[in-house]
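The chain contents come next:
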Amino acid sequence: MAFVKKLAFNLFAWGIVLAVAFPLFWMLVTSVKPAFELFRRPPTMLPETWTFEHYLHLIERTNFLTYFRNSVILSTTTTFVVVAIGTLGAYSLVRFRFRGRESLAFMVLFTYLLPSVVLIIPLYLLLVQIGLANNIFSLVIAYTTFALPYALWLLRSFMAGIPEDLESAALVDGASRMGAFVDVILPQLLPGIISTALFTFILSWNEYLYALVLVNSDDARPLTTGVMNMLVSSFNIEWSLLMAASVMMSVPLIIIFAFLQSYLTRGFGAGGVKG
Amino acid sequence: MAAVVFSNVRKEFGSFTAVHGLDLNIEEGEFVSLLGPSGCGKTTTLRMLAGLEFPNSGEIRIGDRIVNDLAPGQRDIAMVFQSYALYPHMSVAQNIAYPLKKRGVPAAEREKSVAATASLLQLTELLDRKPRQLSGGQQQRVALGRALVRDPKVFLLDEPLSNLDAKLRGYMRVELVELHRRLGRTMVYVTHDQLEAMTMSDRIAVMDGGKLQQFAPPTDVYAEPANRFVASFIGTPAMTMIDGELTEDAGAWTFNAEGLSMTVGPLSGQAKSGPACLGVRPENVSVGEGPIGAVVQVVEKTGHENIVFMQLPGGHRLTARAPAMQSWQPGEQVKVVLDASHVHIFGSGPRGDRWNRPAQSAAPSSAKATPQIIASKNTKADPKAEKAAS
């Protein structure tokens, strides 16, 4: 009985793993198949002919690299802005006593009460008025507004876990407030900062809707809308190119994830318990 | 080296007043303990001195500087925290060197000072470790090292021994006193442990409810407590307190409570007839012969002496110290006498003033207070007890 139970559990678990992994596998395989092999029946599990022509095509004959560069700039900038504001904001929410501190912390979460579709038009008009329409930085601002509330709460719970005595000790030892923050608080906050940075980076790397509405020149498009626009039209989908693009879009995330995933889970755990 | 002066210092947190108009004159090179129960304002006082809290009014001086508006780093102080507050990501050496680094001491000089401090505190072999790899006692020494390395004017210690086990605490007490003697620096020490305050301090500032209750050498605090709070807070087992009536008859004062009546005095001009409280320390109560009848409830044997807990007919409790060879059974009827020259009379209320006339004008000397003086008090009481027993 115990054996059957174990077997059933294993089958179930592997079933889920396969269900999640298969599309990724198929994406990879499709991207290295020549176009004529794509729709063959029965389908070939592994390509009969291996080819990297789709990758070359994307890099040499399309705007892919521009989109990629835009996405990198966009996500990195957003991450830096969010981490910088989030850390200092969380510090002030935890360390300074001021009127309305708690209500402020809760008000920040209101952003999440509104569906993002509702905000998109006002935000667009606002950005047009300040002359940022069709600019990559309009997306930085938009993404910062989504990521910051969560970042603040996550960092706040990390910050609350750092004993105040540490900072007091640094002050007595002769550090300025900023000096104590850099020397003592930041190193302690590192796991929190890494999880926040990962969260923000992934969010801005994946975002589609706002990128579609706020940016429509090829120079400023990020990967998500750029690739869609280029390869998917009403009449045709360039499957091979699309899959090759998808692989290249996922690679940076997979690399980052592989290195930092332990921080990420730790961060979500901390946020869950204390936030 | 510097004196520390608090003048009418007041600190409020919202509607709560943590410290009410504190006046405190700490002399240069003195070891002063701020003693009191939790919430009495002692830690707030220390944090104001450190610059981690700012007073709402009043003035704090270190040496000849008013430090009210100075940042902690500009006050030339060092502090040891209850939690030690070692920087977890830095090695022991980096921890100790941090205050020097922040003051721009060159690296070579820094290294020398760290090495000297480490050898003073026997930390040399631990310099490369991280704080989490150290035992509690070792962490404590690193925290001390970080304070010592810079040779500040004033040392602030916030219950530094409370996280150590009893044996290590006793050892560190002696170490700290020795350190103070060697450095001759002003030290302000916050504790809720009366034993620490009594054994280490030149003077004790007893605080309660944000107010200074008494500021005097340990022996005076023990022998002539300023009020009922100080009297009951200092001393283990605690002073017996009996509420009753005080009456005056032509300059002679009599204290009456149920089951107890005795002439007391001389009292100061403050004394008046009416409700009052009689206090007597266990060593000033002799069991054996005497005018007062009592029933033994519990006898605690500590090995070198017995602590006898008794009840008077009126229901009041009374505690006595007795030599180890004397013992009684619970329920036994005994006769008791209180040493009239060591009986304290307090006004009514939890902080009623002491009404006894000062025995002699006890000059507050900054001489090192030693527990021996307290011990000699014990022996003064003991012969009577022995006489009574024989």
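Numbering of residues starts from 1 in each chain and follows the order in which that chain's sequence is written. By the order in which they are written, chains take letters starting at A while ligands take numbers starting at 1. Only residues with pLDDT of at least 70 are given local features in this predicted model, and only at 80 or more are side-chain atom pairs given and counted; all residues enter the totals for whole chains, interfaces and linings. Think of the side-chain values as coming from all heavy atoms in the structure, minus any hydrogens and water.

1. Let's talk about the nonpolar core
So the rule is basically this: For our purposes a nonpolar core is just a set of buried Ala, Val, Leu, Ile, Met, Phe, Trp, Tyr and Cys residues, chained together by side-chain atoms within 4.5 Å. Exposure is judged per residue with a 1.4 Å probe applied to protein chains only, and the accessible area is read against the type maximum: over 50% gives exposed, under 20% gives buried, and values in between give partly exposed. By the convention used here, residues are in contact when the closest approach between their heavy atoms is within 4.5 Å.
Within the largest apolar cluster, 58 residues are counted, with the highest numbers of intra-cluster contacts made by M159 of chain A together with F6, L49, M79, Y87, L156 and V188 of chain B. Residues contacting M79 of chain B, with those up to four places away along its chain left out, are V172 of chain A together with L46, A50, L52, A147, L156 and D158 of chain B. Within the second largest apolar cluster, 33 residues are counted, among which are F31, A78, V92 and M187 of chain B.

2. Looking at the pattern of salt bridges
Note the threshold: Throughout this description, the term salt bridge denotes a Lys or Arg side-chain nitrogen within 4 Å of a carboxyl oxygen of Asp or Glu. The numbering of helices and of strands both runs from the N terminus, where a helix is a DSSP run of H or I of at least 4 residues and a strand a run of E of at least 2.
Under the defined criterion, the tally for this structure stands at 22 salt bridges over all chains. A salt bridge links K11 of chain B to E53 of chain B; its shortest N-O distance comes to 3.9 Å. Within this pair, whereas K11 of chain B is found in strand 1 (residues 4-13), its partner E53 of chain B is found in the loop between helix 1 (42-50) and strand 4 (57-62), the two being separated by 42 residues in sequence. Close ionic contact of R203 of chain B with E27 of chain B constitutes a salt bridge, the shortest N to O distance being 3.7 Å. Separated by 176 residues along the polypeptide, R203 of chain B in strand 9 (residues 203-208) and E27 of chain B in the loop between strand 2 (16-26) and strand 3 (31-35) bring together distant segments of the chain. Taking the relative accessible area as the measure of exposure, R203 of chain B reaches 12% and is therefore buried. Using a relative accessible area of 44% as the deciding quantity, one classes E27 of chain B as partly exposed. A cluster of three or more residues bridged by salt bridges with shared partners is formed by R97 of chain A together with K11, R47 and E53 of chain B.

3. Brief notes about the interface of chain B and chain A
Short version of the rule: Note: buried area is the sum, over both parts, of the accessible area (probe 1.4 Å) each one loses when the two are combined. Polar contact is defined as a pair of N or O atoms within 3.5 Å, subject to the rule that within protein one atom must be able to donate a hydrogen and the other to accept it, and that residues adjacent in sequence are counted only when both atoms are side-chain atoms.
Taken together, the contact pairs 24 residues of chain B with 16 residues of chain A. Interface area for chain B against chain A, summed over the two sides, is near 1600 Å², with a carbon-plus-sulfur share of 58%. For chain B, the biggest contributors to the area lost against chain A are Y87, H89 and Y98 of chain B; these three give 28% of the whole. Taken together, chain B and chain A are joined by 3 salt bridges. In this structure, R97 of chain A and E53 of chain B form a salt bridge, with 4.0 Å as the shortest nitrogen-oxygen distance. Our count for the chain B to chain A interface comes out at 11 residue pairs in polar contact (both at pLDDT 80 or more). Those elements that provide at least two residues to the side of chain B that touches chain A are helix 1, strand 6 (77-80) and helix 2 (92-102) of chain B.

4. A few points about the packing of aromatic side chains
To be explicit about the condition: A pair of Phe, Tyr and Trp rings is counted when the ring centres sit within 6.5 Å of each other, with Trp represented by its six-membered ring. The angle between the planes then sorts it: under 30 degrees is stacked, over 60 is edge-to-face, the rest tilted. Geometrically, a charge over a ring is one whose NZ (Lys) or CZ (Arg) sits within 6 Å of the ring centre while staying within 35 degrees of the ring normal.
Applying the stated criterion to the full structure yields 15 aromatic pairs over all chains. Considering the side-chain rings of F229 of chain B and F233 of chain B, the 5.5 Å spacing of their centres and the 15 degrees angle between planes classify their relative orientation as stacked. In this pair, F229 of chain B and F233 of chain B are both assigned in helix 8 (residues 228-233), 4 residues apart and thus about one turn of the helix distant. Aromatic ring contacts, followed pair by pair, group F64, F68, F201 and W205 of chain A into a single cluster. The aromatic ring of Y87 of chain B is capped on one face by R146 of chain B, whose charged end is 4.5 Å from the ring centroid.

5. Brief notes about the domain arrangement of chain A
All names here are of chain A. We apply this condition: Boundary definitions for the domains trace back to an automatic or database domain assignment.
Domains assigned within chain A are domain 1 (1-51) and domain 2 (62-274). Averaged C-alpha coordinates put domain 1 and domain 2 at centres separated by 33 Å. Contact with domain 1, which involves 8 residues of that partner, is made by 7 residues of domain 2. Of the roughly 550 Å² buried between domain 1 and domain 2 on both sides combined, carbon and sulfur atoms contribute 80%. A per-residue breakdown of the area domain 1 buries against domain 2 is headed by M27, T30 and S31, which together make up 66% of the total.

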